[in-house]
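Okay, here's what each chain looks like letter by letter:
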4 protein chains.
Amino acid sequence: MLIVMKPGVTQSEIEHVLEKIKHLGFCTKILINSSQTSIDITDGKGSIDAAIFENLTGVAETVRPQNPYKLASSQTLRKKSVVLIGNERIGGDELTIIGGVCAVETREQVFNIAETVKKSGAKFFRGGAFKPRTSPYAFQGLGEEGLRILAEVRSHFNLHIVTEAMDNEQVELVEKYADIIQIGTRNMQNFSLLKRVGKSKLPILLKRGMSATLEEFLLAAEYIMAEGNENVILCERGIRTFSNHARNTLDLSIIPAVQKLSHLPIIVDPSHGTGKNFMVTPMAMASVAAGADGLLIEVHPSPENALSDGAQALYPEQFLELVKQVKVIHEVLSPVTV
Amino acid sequence: MLIVMKPGVTQSEIEHVLEKIKHLGFCTKILINSSQTSIDITDGKGSIDAAIFENLTGVAETVRPQNPYKLASSQTLRKKSVVLIGNERIGGDELTIIGGVCAVETREQVFNIAETVKKSGAKFFRGGAFKPRTSPYAFQGLGEEGLRILAEVRSHFNLHIVTEAMDNEQVELVEKYADIIQIGTRNMQNFSLLKRVGKSKLPILLKRGMSATLEEFLLAAEYIMAEGNENVILCERGIRTFSNHARNTLDLSIIPAVQKLSHLPIIVDPSHGTGKNFMVTPMAMASVAAGADGLLIEVHPSPENALSDGAQALYPEQFLELVKQVKVIHEVLSPVTV
Amino acid sequence: MLIVMKPGVTQSEIEHVLEKIKHLGFCTKILINSSQTSIDITDGKGSIDAAIFENLTGVAETVRPQNPYKLASSQTLRKKSVVLIGNERIGGDELTIIGGVCAVETREQVFNIAETVKKSGAKFFRGGAFKPRTSPYAFQGLGEEGLRILAEVRSHFNLHIVTEAMDNEQVELVEKYADIIQIGTRNMQNFSLLKRVGKSKLPILLKRGMSATLEEFLLAAEYIMAEGNENVILCERGIRTFSNHARNTLDLSIIPAVQKLSHLPIIVDPSHGTGKNFMVTPMAMASVAAGADGLLIEVHPSPENALSDGAQALYPEQFLELVKQVKVIHEVLSPVTV
Amino acid sequence: MLIVMKPGVTQSEIEHVLEKIKHLGFCTKILINSSQTSIDITDGKGSIDAAIFENLTGVAETVRPQNPYKLASSQTLRKKSVVLIGNERIGGDELTIIGGVCAVETREQVFNIAETVKKSGAKFFRGGAFKPRTSPYAFQGLGEEGLRILAEVRSHFNLHIVTEAMDNEQVELVEKYADIIQIGTRNMQNFSLLKRVGKSKLPILLKRGMSATLEEFLLAAEYIMAEGNENVILCERGIRTFSNHARNTLDLSIIPAVQKLSHLPIIVDPSHGTGKNFMVTPMAMASVAAGADGLLIEVHPSPENALSDGAQALYPEQFLELVKQVKVIHEVLSPVTV
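Note that the structure is a prediction, hence the values are computed from the model and not measured.

What counts, and at which threshold
- Residues numbered from 1 in each chain as written.
- Chains lettered and ligands numbered in written order.
- Predicted model: local features only at pLDDT ≥ 70, side-chain atom pairs only at ≥ 80, totals over all residues.
- Heavy atoms only, no water.
- Contact = heavy atoms within 4.5 Å.
- Buried area = accessible area lost by both parts, 1.4 Å probe.
- Salt bridge = Lys/Arg side-chain N within 4 Å of Asp/Glu carboxyl O.
- Polar contact = N/O pair within 3.5 Å; in protein donor to acceptor, adjacent residues only side chain to side chain.
- Helix = DSSP H or I, 4+ residues; strand = E, 2+ residues; numbered from the N terminus.
- Nonpolar A, V, L, I, M, F, W, Y, C, P; charged D, E, K, R; others polar.
- Least-squares fit on C-alpha atoms with pLDDT ≥ 70 in both.
- Patch = residues over 30% accessible without salt bridge, like charges linked within 9 Å, V, L, I, M, F, W, Y side chains within 5 Å.
- Areas by Shrake-Rupley, 256 points an atom, 1.4 Å probe, with all protein chains shown as cover.
- Lys, Arg positive; Asp, Glu negative; His and termini not counted.
- Charge placed at Lys NZ, Arg CZ, Asp CG, Glu CD.
- Disulfide = S-S within 2.5 Å.
- Buried < 20%, exposed > 50% of the residue type's maximum accessible area, 1.4 Å probe, protein only.

### A closer look at the interface of chain A and chain D
Size of an interface, as often reported, equals the accessible area lost when the parts are brought together. Counting residues at the interface gives 34 residues for chain A, matched by 34 residues for chain D. Summed over both partners, the interface of chain A with chain D comes to about 2,800 Å²; 51% of that surface belongs to carbon and sulfur atoms. On the chain A side of the contact with chain D, A:T134, A:Y137 and A:R240 bury the most area, a combined 24% of that side's loss. The tally of links between chain A and chain D comes to 2 salt bridges. Counting across the interface, chain A meets chain D through 19 residue pairs in polar contact (both at pLDDT 80 or more). Top element by residues in the side of chain A that touches chain D is helix α7 (residues 214-226) of chain A. It accounts for 5 residues. Here the side of chain A that touches chain D is built from residues that sort into 13 nonpolar, 11 polar and 10 charged.

Structure below.
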């Protein structure tokens, strides 16, 4: 059971509740985020009567979460969360576009694409300095040098930077240079890393694991939030199935599912989610029509090297056209979920 | 290799080509549909030179299909196919809405929903008289009695009827009463049934198998087309994966994939594709935004019996609202795939 | 609720029970197989007290099946079923080996392999006369001519014949020539076909659908049994997953699962289940060690045409070696499941 | 291309080869393990002729790996690897049994089970001090206190200890107390962690990721080996599929597949691989029959708390019986793969 305290609750009101619970022989855990304080009653013998607490001063309500995640649950926080990054908002009324490159290779490449991203009206730039690669022999990213290039993009184009960190050391570096820390699909259940970024001041873009259920996805967010960082943005990026016409199967029904169960914003990455250039725009439009809060799109710096279908990145002009089209979809949407 | 003949080719021109091939020691198969005649060169010793045929009168071009399906391939027929049903068109510029009930239970129930479907502006009504049920003890449908009720709906509301057939005997009955024969997901590779409906005069709505690849899906269509029935409408209805927040995983990236590889129209069934009432509208909108030619939507006759999320059918007012919203999406779409 | 009648129950005892149920306002369905008659209480208002029936003459017991399948359930029939084919038994103490070719191509090919199968000590020969092929342009089998060749194998080698039927017409032909009717993986939920073979006098080898759950698998068996044919042999043949080192993922844990929930025998097809020659023997051994009642193995007539890993069929000498090895495993097994 | 050097190659022979490659404009990476030194030719313009190197002194052969993993490949090292732990060998002729508890809870619990494990003749004990838990609110393990208990088991029972580490700090602690470091399924692509344990002196038990392909699995091993730690033991523990009769789908065909492509030993965890007590023994037997080098089995300290099927752990007497039975299977196996 969760005892949700009123906004502006005092320390002594909290302590009064805690004492009551302890007296009944139960353990507690305090959950605090910017909008509210809750007391979670964990282990103990027998059951406990919610009525005991409902009239205590400072108590807003008692909740018996149906779900194992509490902070991420729409039961706990009914209003949709909005994540603030500078003056920008993810999860609000505006559609968020994050454009960029897969890996930071050179300053030129990155500036080239950043110009296109800026031109589209997007406010976020994404680029990888540390790359999780299936093979140890593949390019592992430029490391801190890559982060410095991204920081230049930030100051030059006034774009917010999203970049991945794969371990504690990288988190510290990313915190120095970027605005949003991305946790990649392969690390969605790297619990040590989740706990570390849960202590970060930066918002976290959490990608769904390749074979993660919705519950596991929200519990990964819960790991971050339980450490005090409530600024989590979920990202659907395709799951692994038998279906082989695309590299992954983009599971868009997770958008209404997340919106029902959680208050967290959710964006979609149709570039990794399909792995095919010609599918990115249709799937981006589908994502927005399904209610996604934003998109993460890869742009390719040198079209001439990416002629095959195999290439997932869009050419700059395709990206500009995509942004135009998804905005049209976003504008005609009336709120569809209740 | 496929030798595509010109429109208006004469019988003697065809025979001339056939003789030439026979003379070279190869076998042939003639593929005819309303828009064209092709000669498929099948077995034989060694390779064959396309140039031999390209200047013969009556020959439009020679094609070496990269894909195992020929008639369904966009290489063979470059223009998108439009399936005509009376004055209606599936696969053209207009969005097709097929509304209806899962199983025909009573005349009242069906007329009740048909009224809603008609009111929405949809031109197609769907209802099951023969039901493929996982359990032998579950309701198997009203049979011919159900078909008669559907035929009444047709004449009373001027709606075209879509209904499933599961074996040869049922196909004959459905041909008597309905306008489009549905082949269900469990029968996508029932090759005897595919051959039988390939000889039907009615268009076929072919649902994707629960674990079918795109290639298997198009080859199932090819089975029907190879028998002479070119009026195949594909339908994505969700695939089976580990993901458990919806009953199936709606695989919308198959829409651009089909549009690249085939000329056949494709519609989406978000009702079976999600199994959850609250996901139907967002996924319907996503389907249209991704470029689907139409939607197959279930409506529930008695909302009071369908209060849980478990119910996939929409209430009448939800259905009317859905149709309004997807039309708005459809209108703002500019052609997105090239 | 299921009312299981005693062996040797009389018609009037049955009618007495039926009347009682009708009087209480409930509907019934009578389920008869060779070993017992049961009365299934289906729809009706309210609940019904089992005690009413337990003391009626002719009633053995009342069962509230936890599972939607009744005849296939180990609750209904606690002893393992043994399917008799001539003097042979499938599901008993002996390990059943079914060897053979994928498709019947020529009399020579089939006789060649039948000799090897006979030599191994196996009692069953398998060959396809009607082939379910993904492409309409692929070889569809020799049809009745193939069945005649199989019948010759039967009389010449004294081997029992297992062969697939894909529709009602084929079932009639197979009944004329063979001993066991195979229902292929693509037809596991072809309910019309299941009902038809449920009326056959021949035992049915039912292959698991590529994406069928255990419950769906047992309900497909139930379709056959509900029509009166209790001689169903289940066959695991690999499921469709993301895993790509084998053509399918052989799901051997279904063996103990079937043995817990059902009395039906289960065999394994490691040839289709892996699609790779070098995996067949290890997976055959694993199947037997896990408790399978038998194996279905493909043998290739002309090794020189099947050199690549891609070929799933074993060479004759590999097959003979496999049979020797699995028998050793089978012999050392003490009953492992309780 | 990989240039494999002869055993006993001298430093100057190696340098001579390196210079030659550099002169041709290509980059290199030196791969050293206890049995051999290889030079990997990585990037460079154009192609390179193997013949140039084949006659240089110190060169054994040149290999063009068909697979992206090199050190893990059976092409590079043709003899099966044997991992030594004290006097014990994993991957040799003897079957390895690792028994133990899921999480270390108390000294009593662990000693209780260790006694059973010792009694069975097993040489390895497994217990978790750091637990990767889906929920942040679930028990996360005793940490270093748990490791100390495990170290007591080691000295008291003379059992080798296997335990999981989830980040760099935990690796350092595990190195102090244990004999084999386990990398869990959720960390199979935690590349920072793989690099860290690649520098450890302890052997690594690498569990397959829940949705990892065989290639990804071997490349994860390659990450560890590329850092110099060649003592990697692979572990199949079930993959995630739609199939729901077991918690995971144990994919045993990976055993012959690994044995074909790699020289590394592979063991199986049927406890996590099925999640059901009654499936553990049949699947353990199947694993051994398929050629697994060993088993990882969970034993439950207090049977009375684990009566349901849901519990995956075996009771002590079931474990003792399992060990007896799998040994019988292992003894009758003749080498089945060539």
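### Examining the relation of the copies chain D and chain C
By a simple turn and slide, chain D fits onto chain C: the slide is 0.0 Å along the axis, the RMSD is 0.1 Å, and the turn is 180°. The superposition of one copy onto the other is thereby described by a two-fold rotation axis. Relative to the rotation axis, the closest C-alpha in chain D is found at D:A286, a distance of 2.0 Å.

### Some details on a negative patch on the surface
Residues A:E169, A:E172, D:E169 and D:E172 make up a contiguous surface patch of negative charge. When residues of the negative patch are traced back to their parent elements, those giving at least two are α5 (168-177) of chain A together with α5 (168-177) of chain D. The residue A:E172 is located in helix α5 in this model.

### Overview of the relation of the copies chain A and chain D
In the superposition of chain A on chain D (RMSD 0.1 Å, axial shift 0.0 Å), the rotation amounts to 180°. A symmetric contact is evident, with 100% of the interface residues of chain A recurring at the interface of chain D.

### Digging into the state of the cysteines
Residue and element names in this part refer to chain A. Taken as a whole, this structure holds 0 disulfides over all chains when the rule is applied. Here C235 stays unpaired: no disulfide links it, and the sulfur of C102, its closest cysteine neighbor, is 13 Å away. The exposure class assigned to C235 is buried, which follows from its relative accessible area of 0%.

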